[in-house]
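One-letter residues, chain by chain:
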Amino acid sequence: MAESARQSALKARNASRKLQALPTEERVAMLHRIADALVANEESIMAENSKDVEEAKGNISESLLQRLILKPQKIKQLADGIRAIAAEEEPIRRVLSRTEVAEGLVLEKQTAPIGVLLIIFEARPDALPQIAALALRSGNGLLLKGGKEASRSNAILHKTITDAIGSNLGPDLIHLITSRDEISDLLKLDDVIDLVIPRGGNALVSHIQQNTKIPVLGHADGICHVYVDQAADLDQAIEIVVDSKADYPAACNAVEKVLVHETLVGSGGLTKIQEALQEAGVQVHAGDKLKQLQPDSKLPAAPSQRHEYSSMDVTLEVVPDLAAAIDHIHANGSGHTETIVTEDSEAAEAFLRGVDSACVFHNASTRFSDGFR
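Residues numbered from 1 in each chain as written. Predicted model: local features only at pLDDT ≥ 70, side-chain atom pairs only at ≥ 80, totals over all residues. Heavy atoms only, no water.

A sheet is described by the order of its strands in space; here 6 strands give the open sequence 9-10-8-7-11-12, paired in parallel fashion. With partners counted over all chains shown, the strands left at the sheet margins are strand 9 (283-286) and strand 12 (359-362), one partner each. Between one strand axis and the next, the sheet turns by 20 degrees as a mean value, whatever way the strands run. Of the strand pairs in this sheet, strand 8 (residues 255-261) and strand 10 (residues 313-319) are connected by 5 bridges, and their pairing is parallel. If you follow valine 258 over to strand 10, its bridge partner there is leucine 316. Those strands touched by helix 11 (residues 234-246) are strand 7 (224-228), strand 8, strand 10 and strand 11 (337-341), and its axis lies near 160 degrees from that of strand 8. Docked against the sheet, helix 16 (residues 345-354) engages strand 7, strand 11 and strand 12, running at close to 175 degrees with respect to strand 12. (Pairing = 2+ DSSP bridges. Helix = DSSP H or I, 4+ residues; strand = E, 2+ residues; numbered from the N terminus. Axes fitted to C-alpha atoms, helices over the stretch in contact; angles between N-to-C directions. Contact = heavy atoms within 4.5 Å.)

So, about the nonpolar core. Ranked by internal contacts, the top residues of the largest apolar core, which has 41 residues, are Leu142 and Ile165. If we ignore the near neighbours within four places in the chain, the residues touching isoleucine 165 are Met30, Arg33, Ile34, Leu136, Gly170, Leu173 and Ile174. With 24 residues, the next largest nonpolar core counts Ala237, Val241, Ala286 and Leu299 among its residues. (Core = buried A, V, L, I, M, F, W, Y, C linked by side-chain atoms within 4.5 Å. Buried < 20%, exposed > 50% of the residue type's maximum accessible area, 1.4 Å probe, protein only.)

The tally for this structure, following the rule as stated, stands at 20 salt bridges. Here arginine 94 makes a salt bridge to glutamate 89, at a shortest N to O gap of 3.8 Å. Connected through shared salt-bridge partners, Asp36, Lys76, Asp80 and Arg83 make up one network. (Salt bridge = Lys/Arg side-chain N within 4 Å of Asp/Glu carboxyl O.)

Given below as structure tokens:
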């Protein structure tokens, strides 16, 4: 008889308490075992992923298909990333402040695990080991629901990870939810689950927010920008723009719009950026201002001012100055990741201070918000 949603959540709660009580060295050792196990089981993981990919072809969008595919180098990257997490400073019981309230009475503020996390993610199996490693390092229990398109990939990754943790803790600490019906039951468990994190599109995030009393940490869109300033090193700008789009176009931190200072139109800089993107296999779409400046351009028009392609497509747009670039980002972005390319330190500082996004970079690819690079 399958266990109920409440039973799964309670097991994760109890296992997380056991995990929190373990010495740092034991949790670090678990992470290293997981990294080693992923590499050791690469062939079987890739085989199961191939089955998912073949079944999904023609049934899901190209961007979702790209997220679904696990490439051979990805397993090594995941293992390296998990080892990097293991090497991080201990996140549990770290003292943030200490106050002597009275003689012999000391008050400490320490970091603590959240508890039990319900994380719902779409067809992206590489997210599973990343989430599991972060939860393990920080002492949290997990309930995971991946997209049905990645069911085989998720199953073998889950088994690999829980086996590496150990039978005394792994199966209870990290649960893989396989039925959509279970999600509605889990969303009712505000007395057991501490946080829901939906990783997917707006429809998914909105549905979760509207159907639970549990706190929800949700961010759906990844409409990222690169602004190429008039004082940019053009060669560097081209390298950053191409990497931001072509490295992993389906990722939420891939650039979706390149803003170019209007002086680069006349100097030929914009054309060089466009050609470099096209040579990399990117379909370039013209923004409204660029269409006005170049009405005879053969570039297709951008679908809208605010559009997330999640594919080898990007919008190229022209702005008159730095202030206009910042205003454009605030009006049309999603607050994810933005980059300025410039050799002008004052312009860079104004951009870094003025842009209201989670990650704001100077002379760096938007892909650096991935956390691994």
